[in-house]
Amino acid sequence: EDQVTQSPEALRLQEGESSSLNCSYTVSGLRGLFWYRQDPGKGPEFLFTLYSAGEEKEKERLKATLTKKESFLHITAPKPEDSATYLCAVQAAGATNKLIFGTGTLLAVQP
Amino acid sequence: DAGITQSPRHKVTETGTPVTLRCHQTENHRYMYWYRQDPGHGLRLIHYSYGVKDTDKGEVSDGYSVSRSKTEDFLLTLESATSSQTSVYFCAITDRDGSTDTQYFGPGTRLTVL
């Protein structure tokens, strides 16, 4: 069964304190792995798509990496505005347009 | 912004009443989706559509029906609302990005069934 597990469930950082969020997945052939950011009361906002092991993508203070079993979202020198829930999702080969989501990591960055 | 609007944004209803949520998109996307989001479960697919009058079930489709009579509108109907359907409902569309279809989400509808 395709499955996505995110850890930790919640993370509290001081401003400037770098850290990483984890997304472990089990899928029958990975077509793509997606990272989203979700602010309270809003819909998920797309951040990155990763397609194959070894791939990396960056956007401002965020960098996403991918291995055959997991993905990491690295946050470098976070700011309070990076506080949000970060969601990971996978798309399996042969399951076109169907995403399996993890339950997310709630990140709080304190000034 | 993927040009997605959802209505209503908030709704409170009573058990046993029918409820229809609307998703509207302005960019002629072929694929549209309905998800629900609940604490501890993440986003779960209810139904999706791959064209006008073409729909299919997701993993949590019981108690829900959908219709798509126009490209721009995808309706989700709770035939007889139950308290277990209290949730936040998100609509999404697919925009092709290379070899993978990226889903973009609307702002959500918060539904409370009393």
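Below: a short report on this structure. (Residues numbered from 1 in each chain as written. Chains lettered and ligands numbered in written order. Predicted model: local features only at pLDDT ≥ 70, side-chain atom pairs only at ≥ 80, totals over all residues. Heavy atoms only, no water.)

**Some words on the sheet that holds strand E1 (residues 3–7) of chain A**
Residues and elements named next belong to chain A. The test is simple: A pair of strands is considered paired only if DSSP assigns at least 2 bridges between the two. Segments assigned H or I by DSSP are reported as helices when at least four residues long, segments assigned E as strands when at least two residues long, and all are numbered from the N terminus. Axes here refer to lines fitted to C-alpha atoms; in helices the fit is confined to the stretch in contact. Angles between the N-to-C directions go from 0 to 180 degrees.
Strand order in the open sheet formed by five strands is E1-E3-E8-E7-E6, with antiparallel pairing between adjacent strands. Edge positions in the sheet fall to E1 and strand E6 (56–59), since each of these pairs with one other strand and no more. For this sheet the average axis-to-axis angle between neighbouring strands, irrespective of direction, equals 15°.

**Points about the pairing of strand E9 (residues 84–92) of chain A**
All names here are of chain A. The following threshold applies: Here the term buried applies to any residue with accessible area under 20% of the maximum for its type, exposed to any over 50%, and partly exposed to those in between, with areas from a 1.4 Å probe on protein chains only.
Judged by how many residues are buried, E9 sits mostly within the fold: eight of nine residues are covered. Both strand E4 (residues 30–38) and E9 contribute to a ladder of eight bridges, which runs antiparallel. Residue pairing across strands places Gly32 opposite Gln91, the latter belonging to E9. The pairing of E9 with strand E11 (residues 105–110) spans three bridges and is antiparallel. The residue of E11 that forms the bridge with Thr85 is Leu106. With three bridges joining them, E9 and strand E10 (residues 99–101) adopt antiparallel strand pairing. For Val90, the partnering residue across the bridge sits in E10 and is Ile100.

**Quick look at the state of the cysteines**
The condition is simple: Throughout, a disulfide means two cysteine sulfur atoms within 2.5 Å of one another.
Applying the stated criterion across every chain, the model contains two disulfides over all chains. Between the sulfur of A:Cys23 and that of A:Cys88 lies a disulfide, 1.9 Å long from S to S. Given an S-S torsion of about -65°, the disulfide between A:Cys23 and A:Cys88 has left-handed geometry. Placement of A:Cys23 in strand E3 (residues 19–26) and of A:Cys88 in strand E9 is noted, with a sequence separation of 65 residues between them. Judged by relative accessible area, A:Cys23 falls into the buried class, the value being 0%. The disulfide partner of B:Cys23 is B:Cys91, and the gap between their sulfur atoms is 1.9 Å. Disulfide B:Cys23-B:Cys91: torsion about the S-S bond near -70°, hence left-handed. Taken together, the positions of B:Cys23 in strand E3 (residues 19–25) and B:Cys91 in strand E9 (residues 87–97) put the pair 68 residues apart, joining distant regions of the chain. Of the two residues examined, B:Cys23 and B:Cys91, each falls in the buried class.

**Notes on the interface of chain A and chain B**
Frequently, the measure chosen for interface size is the accessible area that the parts lose on association. For clarity, the threshold we go by: Should any heavy atoms of two residues lie within 4.5 Å, those residues are counted as being in contact. A quick way to say it: buried area is the sum, across both parts, of accessible area lost when two parts are put together, with a 1.4 Å probe. Salt bridge, as applied in this entry: a Lys or Arg side-chain nitrogen positioned within 4 Å of an Asp or Glu carboxyl oxygen. Lys, Arg, Asp and Glu make up the charged group, whereas Ala, Val, Leu, Ile, Met, Phe, Trp, Tyr, Cys and Pro make up the nonpolar group; the residues left over, Gly among them, are polar.
Contact residues are listed per partner, giving 20 residues for chain A and 25 residues for chain B. Together chain A and chain B conceal approximately 1700 Å² of surface at their shared face, both sides included; 50% is due to carbon and sulfur atoms. Its largest share of buried area at the contact with chain B, chain A owes to A:Tyr51, A:Asn97 and A:Phe101, together 31% of the area lost on that side. Taken together, the links from chain A to chain B amount to zero salt bridges. Among the secondary structure elements, those contributing two or more residues to the side of chain A that touches chain B are E4, strand E5 (45–50), E9 and E10 of chain A. Of the residues forming the side of chain A that touches chain B, the biggest block, four residues, is contributed by E4(A). Per-class residue counts for the side of chain A that touches chain B are eight nonpolar, nine polar and three charged.

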